[in-house]
Amino acid sequence: MVLMDESVINQGLDGVVVSDTDICCVDQGKLLYRGYPIEELAHNATFEEVCHLLLFGDLPNKDQLASFKRELFAGHGLPEVVVEAIRGVPKNVPMMDVMRSGVSLAANFYK
């Protein structure tokens, strides 16, 4: 049995391998999503198109994009009780605290 040398401490994630992925990579200093340079996607694709690319492996055609948007927006919105609770928070409360509490409250309305 080989034990790790306790005197060796890796800095950050140096030497740490989590898993291989086809979703993204850094190739010669360029960030690629499914083979597309991130700059190209930022200038030429919508948020929904990039989501489709990341989830399904390719950029959607017109029909796929319309279907994907319908599915995304079907779960869009918050129950009115959550909206009212957020509106009732004093204006000086940090926004991240408001968001965290709103998400926790909304979780009670979804499976």
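Residues numbered from 1 in each chain as written. Predicted model: local features only at pLDDT ≥ 70, side-chain atom pairs only at ≥ 80, totals over all residues. Heavy atoms only, no water.

Side note on the packing of helix H2 (residues 47-56) against helix H3 (residues 62-74)
In step 1: Contact geometry of H2 with H3 gives a least axis separation of 10 Å together with a crossing angle of 95°. Classified by the angle their axes make, H2 and H3 are roughly perpendicular. Residues Glu48, Glu49, Cys51, His52, Leu55 and Phe56 of H2 touch H3, and the partners they reach there are Gln64, Leu65, Phe68, Lys69, Leu72 and Phe73.
In step 2: Of the residues assigned to the contact of H2 with H3, the class counts are seven nonpolar, two polar and three charged. (Axes fitted to C-alpha atoms, helices over the stretch in contact; angles between N-to-C directions. Helix = DSSP H or I, 4+ residues; strand = E, 2+ residues; numbered from the N terminus. Parallel < 35°, antiparallel > 145°, perpendicular 65-115°, else oblique. Contact = heavy atoms within 4.5 Å. Nonpolar A, V, L, I, M, F, W, Y, C, P; charged D, E, K, R; others polar.)

Here's the deal with the packing of helix H4 (residues 80-87) against helix H5 (residues 95-106)
In step 1: Contact geometry for H4 and H5: axes closest at 10 Å, N-to-C directions at 155°. In terms of axis orientation, H4 runs roughly antiparallel to H5. Between H4 and H5 lies a crossing whose hand is right-handed. Residues Val81, Val82, Ala85 and Ile86 of H4 touch H5, and the partners they reach there are Val98, Gly102, Leu105 and Ala106. (Left-handed = near helix turned anticlockwise from the far one by under 90°.)

Focus: the side chain of Glu49
In step 1: Position of Glu49 relative to the elements: it lies in helix H2.
In step 2: Buried and without a salt bridge, Glu49 has Lys69 as its closest oppositely charged side chain, separated by 7.5 Å.
In step 3: Sequence-distant contacts of Glu49, defined by excluding residues within four places in its chain, comprise Asn44, Leu59, Pro60 and Leu65. (Buried < 20%, exposed > 50% of the residue type's maximum accessible area, 1.4 Å probe, protein only. Lys, Arg positive; Asp, Glu negative; His and termini not counted. Salt bridge = Lys/Arg side-chain N within 4 Å of Asp/Glu carboxyl O.)

Here we look at the sheet that holds strand S3 (residues 36-37)
In step 1: What the three strands build is an open sheet, ordered S1-S2-S3; its pairing is antiparallel. The open sheet has two edge strands, strand S1 (24-27) and S3, and neither has a second partner.
In step 2: Here two bridges tie strand S2 (residues 30-33) to S3, and the two strands are oriented antiparallel to one another. Looking at the pairing, Tyr33 lines up with Tyr36 of S3. (Pairing = 2+ DSSP bridges.)

Topic: a nonpolar patch on the surface
In step 1: Judged by side-chain polarity, Leu78, Val81, Ile86, Phe109 and Tyr110 come together as a nonpolar surface patch covering roughly 450 Å² of accessible area.
In step 2: By the secondary structure assignment, Val81 is in helix H4.
In step 3: The exposure class of Val81 is partly exposed, given its relative accessible area of 46%. (Patch = residues over 30% accessible without salt bridge, like charges linked within 9 Å, V, L, I, M, F, W, Y side chains within 5 Å. Areas by Shrake-Rupley, 256 points an atom, 1.4 Å probe, with all protein chains shown as cover.)

So yeah, pure geometry; function would need other evidence.
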